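Chain by chain, the residues run as shown.
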Amino acid sequence: MADKAYQGAEGPVRTPNKGKNKPASQKQANQAHAKLRGPGERANAQLKSWKILRKLRCSPSKAGHLCKAISVLQNHRARAGRVRMKSIQ
């Protein structure tokens, strides 16, 4: 899943439809694309803010496991915050 800037890229890259005045089917496809791509974009942005990844001195396979763990913890924290906010309202 990629954004419009990758239009025409080779390989298994999915991009949204470009242009104005798109038919409803293309608009729906773009919305579905954004829903699928959004969580990955947020996870990447969150991982960039974790300073531990800048100072990492281990094998790449361990770095992948660390990124997965950070992502799980971050999602857990975000969900817990949303649950607390709903219970307050």
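Residues numbered from 1 in each chain as written. Predicted model: local features only at pLDDT ≥ 70, side-chain atom pairs only at ≥ 80, totals over all residues. Heavy atoms only, no water.

> I'm lost on the overall build of the protein in this one. Help?
Within the protein, the regular secondary structure consists of two helices and zero strands. Excluding contacts between residues fewer than 6 apart, the proportion of contacts in the protein whose partners are at least 24 apart in sequence is 20%. Of the accessible surface of the protein, which amounts to about 7,600 Å², a share of 55% is contributed by carbon and sulfur atoms. (Helix = DSSP H or I, 4+ residues; strand = E, 2+ residues; numbered from the N terminus. Contact = heavy atoms within 4.5 Å. Areas by Shrake-Rupley, 256 points an atom, 1.4 Å probe, with all protein chains shown as cover.)

> Any chance you could explain the side chain of H33 here in plain terms?
Relative to the elements of secondary structure, H33 occurs in helix α1 (residues 24-49). Here H33 is in contact with M1, A2, R14, T15 and P16, once residues within four sequence places are set aside.

> Just checking my understanding: could you explain unusual backbone geometry for this structure?
Leaving glycine out, the prevailing phi sign among residues is negative, and the prevailing peptide bond configuration is trans. For N21, which is not glycine, the phi torsion reads 55° and is therefore positive. Assignment of secondary structure puts N21 in the segment before α1. By relative accessible area, which is 79% here, N21 ends up exposed. (Buried < 20%, exposed > 50% of the residue type's maximum accessible area, 1.4 Å probe, protein only.)

> Would you mind going over the pattern of salt bridges with me for this structure?
Side chains that differ in charge, positive against negative, can pair when their charged atoms come close. Taken as a whole and assessed by the stated rule, the structure comprises one salt bridge. A salt bridge links E41 to R37; the shortest N-O distance between them is 3.3 Å. Of this pair, E41 and R37 both sit in helix α1, four residues apart, which is roughly one turn of the helix. Its relative accessible area of 40% is what places E41 among the partly exposed residues. (Salt bridge = Lys/Arg side-chain N within 4 Å of Asp/Glu carboxyl O.)

> Would you take a moment to explain the environment of L53 for this structure?
Structurally, the position occupied by L53 is in the loop between α1 and α2 (60-88). For L53, the residues in contact, after removing those within four places along its chain, are L47, L66, C67 and I70.

> Help me out: how do you make sense of α1 in this one?
Residues three or four positions apart in an α-helix share a direction because the helix packs 3.6 residues into each turn. End to end, α1 covers 37 Å across 26 residues, agreeing with the expected 38 Å (1.5 Å per residue, within 8%). Those residues of α1 not exposed but buried are N30, H33, G38 and L47. (Expected span 1.5 Å × (residues − 1).)

> Looking at this structure, I do not really get the side chain of N30. What am I missing?
Relative to the elements of secondary structure, N30 occurs in helix α1. The exposure class assigned to N30 is buried, which follows from its relative accessible area of 15%. Setting aside its immediate chain neighbours within four residues, N30 contacts P16, N17 and K22.

> Sorry, what's going on with the state of the cysteines here?
One covalent bond between the sulfur atoms of two cysteine residues makes up a disulfide. All chains considered together, the criterion is met by zero disulfides. Residue C58 stays outside any disulfide, its sulfur separated by 9.1 Å from that of C67, the closest cysteine. A residue is classified by how much of its surface remains accessible, and C58, at 36% relative accessible area, is partly exposed. Judged by relative accessible area, C67 falls into the partly exposed class, the value being 23%. (Disulfide = S-S within 2.5 Å.)

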